[in-house]
There are 2 protein chains.
Amino acid sequence: MATLFHVPLSPFCRKVRLSLAEKRIECQLVEERYWEKDADFLRRNPAGKVPVLKIDGKTMAESAPICEWLEEAYPEPSLMPRGTDDRYEVRRLVSWFDDKFHNEVTANLLYERVNKKITGQGYPESRNVKTGAQKIKFHLDYMTFLLDRRRWLAGDRMTLADFAAAAHLSSLDYISDVDWNRSDVVKDWYAKIKSRPAFRSILADQVPGFPPPAHYADLDF
Amino acid sequence: MATLFHVPLSPFCRKVRLSLAEKRIECQLVEERYWEKDADFLRRNPAGKVPVLKIDGKTMAESAPICEWLEEAYPEPSLMPRGTDDRYEVRRLVSWFDDKFHNEVTANLLYERVNKKITGQGYPESRNVKTGAQKIKFHLDYMTFLLDRRRWLAGDRMTLADFAAAAHLSSLDYISDVDWNRSDVVKDWYAKIKSRPAFRSILADQVPGFPPPAHYADLDF
């Protein structure tokens, strides 16, 4: 069976968890306190980050290459479209969320409020939290712009782009940092993705010291 | 003809330039002062970053998705191996350089010494420069570890992983921040890649106010 070394609220780990679950690959989850730089863990991944996936005798790190590998080694059900231009659009949006959204929103909200406390780095910097709360509005509006034109973020089929976005938003929703009233189309999109079987393990996550709000696991939020 | 909006010392732009040149795709280079947030440029790429590539009627941003698109749309000569596991290794190393190496080395050396001045953000922070100078040693040693076992970084053929690494190292070499005496195998690897026709335009780069050292364009450095 595959093993994923992860932390529950990491959007990068959640993207891999969603891909694995959607492809019905059985996987054991092992929580990894990566900031403690355990020697065994560093041997598995010299970059010292999660996710790390052990599967089919291989050990892999870096969420984007892992997801591309999963798509190639386990092509069905597919999370990438066929056409070259459509595949570019999926990868562009995965980068958008894992790079731009991550730096502007996730780092300013989730890492300030949760990761700092868990890893013993002190209190949230209120200036950063304020920046994150401003920036998420711009991103929700950009998602609205896309979803007004498409059924899913990258086109008419659900893809890895939707999982990348849902991974970030679900982690932020765990700390009540997503204003679902801002956009009906984004809320509808999240309701669709949240109700997939692949999402169940994510909705069951519990981080000690940070109980999720009631709406977090509610499919009718 | 294709057009690439770029800045000369950006490793992300250089990776795309190397891919284009290796695939013999003719491309006009347009320097983009992206930090001035020109309205036309933001229309081309709402993320406000370079590289932006106009090709075949499309406008694309984000260097990793651009390079995957180029590989799929212009497969020959190929910069990705065939096997699923080999492709993972290329993508892992591209992420390694564009994420870890970038944050630990390029940001601390190139951005401190050059980008800050060009974009009017003041003087280099000596603490960061010191960190970058320390960290590059670890990365050169990691490259030595790989190149002791393989002809190229990801295996026996030159791939996008070599271009990602060479893009960062060549930008740092422009400001004399690479100690080529640290590792013979890394120096030999760079000499091989530097002598490729695809590298010519990069060796001809000139940034006003920052003349390159004599060895920068010298194939026998």
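Everything quoted here is computed from the prediction, not taken from an experiment.

### Topic: the interface of chain B and chain A
- Each side of the interface is counted separately: chain B has 23 residues, and chain A has 24 residues.
- Between chain B and chain A, a total of about 2100 Å² is buried, with carbon and sulfur atoms accounting for 56% of that surface.
- The interface formed by chain B and chain A contains eight salt bridges.
- The partner of Glu 68 of chain A in a salt bridge is Arg 91 of chain B, and the shortest N-O contact between them spans 3.7 Å.
- Joining chain B to chain A, the criterion identifies ten residue pairs in polar contact (both at pLDDT 80 or more).

### Looking at the sheet that holds strand β3 (residues 52-55) of chain B
All names here are of chain B.
- Ordered in space as β2-β1-β3-β4, the four strands form an open sheet in which the pairing is mixed. Each edge of the open sheet is held by one strand with a lone partner, namely β2 (27-31) and β4 (58-61). Each adjacent strand pair in this sheet contributes to an overall mean axis angle of 20°, direction not counted.
- The pairing of strand β1 (residues 2-6) with β3 spans three bridges and is classified as antiparallel. Residue pairing in the sheet places Leu 4 in a bridge with Leu 53 of β3.
- Its contacts with the sheet put helix α3 (residues 63-73) on β3 and β4, and the angle it makes with β4 is roughly 135°.

### Concerning the UniProt feature "domain: GST C-terminal" (unreviewed entry) in chain A
- In the numbering used here, UniProt assigns the feature "domain: GST C-terminal" (unreviewed entry) to residues 83-215 of chain A.
- Helix makes up 65% of residues 83-215 of chain A and strand 0%, with an end-to-end C-alpha separation of 38 Å.

### What about the packing of aromatic side chains?
- Within this structure, the stated rule accounts for 20 aromatic pairs over all chains.
- Between Tyr 190 of chain A and Phe 199 of chain A, the aromatic rings sit 5.9 Å apart at their centres with planes inclined by 85°, giving edge-to-face as the arrangement.
- You can call Phe 199 of chain A buried: its relative accessible area is 0%.
- Centroid distance Tyr 174 of chain B to Tyr 216 of chain B: 5.0 Å. Interplanar angle 80°. Geometry classified as edge-to-face. In this pair, Tyr 174 of chain B sits in helix α6 (residues 160-174) while Tyr 216 of chain B sits in the segment after α8 (200-203), placing the two residues 42 residues apart along the sequence. There is no split in this pair, since Tyr 174 of chain B and Tyr 216 of chain B are both buried.
- Here a set of aromatic residues connected by ring pairs shows up, and it is made of Trp 180, Trp 189, Tyr 190, Phe 199 and Phe 221 of chain A.
- Its end group placed over the ring of Phe 210 of chain A, Lys 117 of chain A keeps NZ or CZ at 5.3 Å from the ring centre.

### Quick look at the side chain of Ser 63 of chain A
Residues and elements named next belong to chain A.
- Mapped onto the elements, Ser 63 comes out in helix α3 (residues 63-73).
- Ser 63 gets classed as buried once you look at its relative accessible area, which sits at 7%.
- Among the polar contacts made by the side chain of Ser 63, one reaches the side chain of Lys 15 at a distance of 2.9 Å.
- Each residue touching Ser 63, except ones within four places of it in the same chain, is listed here: Phe 12, Lys 15, Val 16, Pro 51 and Asp 98.

### A short note on the environment of Arg 157 of chain B
Residue and element names in this part refer to chain B.
- By the secondary structure assignment, Arg 157 is in the loop between α5 (126-147) and α6.
- Overall, Arg 157 belongs to the partly exposed group, its relative accessible area being 42%.
- C-alpha separation for the pair Arg 157 and Met 80, spaced 77 residues apart in sequence, amounts to 8.9 Å.
- Not counting residues up to four positions away in its chain, the partners in contact with Arg 157 are Ser 78, Met 80, Pro 81, Trp 152 and Asp 162.
- Within the local environment of Arg 157, its side chain forms a polar contact with the backbone oxygen of Ser 78, the two atoms lying 3.3 Å apart.

### So, the packing of helix α1 (residues 11-22) of chain A against helix α4 (residues 84-118) of chain A
All names here are of chain A.
- Axis separation between α1 and α4 bottoms out at 11 Å; the angle between their running directions is 130°. Regarding the angle of α1 to α4, the classification is oblique. From α1, Pro 11, Phe 12 and Lys 15 reach across to α4, where they touch Val 94, Asp 98, His 102, Thr 106, Leu 110 and Tyr 111.
- A class-by-class count of the residues in the contact of α1 with α4 yields five nonpolar, two polar and two charged.

### Looking at the side chain of Ser 170 of chain B
All names here are of chain B.
- You can see Ser 170 is positioned in helix α6.
- Under the relative-accessibility criterion, Ser 170 is labelled buried at 0%.
- A polar atom in the side chain of Ser 170 sits 2.9 Å from the side chain of Arg 14.
- Ignoring sequence-local partners within four residues, the contact set of Ser 170 consists of Arg 14, Tyr 190, Phe 199, Ile 202 and Tyr 216.

### Some thoughts on the relation of the copies chain B and chain A
- The transformation that overlays chain B on chain A combines an axial shift of 0.0 Å with a rotation of 180°, and the residual RMSD is 0.0 Å. Taken together, these values place the two copies in the relation of a two-fold axis.
- Interface overlap between copies: 100% of the residues of chain B at the interface are likewise at the interface in chain A, consistent with a symmetric, same-surface contact.

Cut-offs applied
Residues numbered from 1 in each chain as written. Chains lettered and ligands numbered in written order. Predicted model: local features only at pLDDT ≥ 70, side-chain atom pairs only at ≥ 80, totals over all residues. Heavy atoms only, no water. Contact = heavy atoms within 4.5 Å. Buried area = accessible area lost by both parts, 1.4 Å probe. Salt bridge = Lys/Arg side-chain N within 4 Å of Asp/Glu carboxyl O. Polar contact = N/O pair within 3.5 Å; in protein donor to acceptor, adjacent residues only side chain to side chain. Pairing = 2+ DSSP bridges. Helix = DSSP H or I, 4+ residues; strand = E, 2+ residues; numbered from the N terminus. Axes fitted to C-alpha atoms, helices over the stretch in contact; angles between N-to-C directions. UniProt positions renumbered as here; feature names shortened; annotations may be inferred. Phe/Tyr/Trp six-rings, centres within 6.5 Å; stacked < 30°, edge-to-face > 60°. Buried < 20%, exposed > 50% of the residue type's maximum accessible area, 1.4 Å probe, protein only. Lys NZ or Arg CZ within 6 Å of the ring centre and 35° of its normal. Parallel < 35°, antiparallel > 145°, perpendicular 65-115°, else oblique. Nonpolar A, V, L, I, M, F, W, Y, C, P; charged D, E, K, R; others polar. Least-squares fit on C-alpha atoms with pLDDT ≥ 70 in both.

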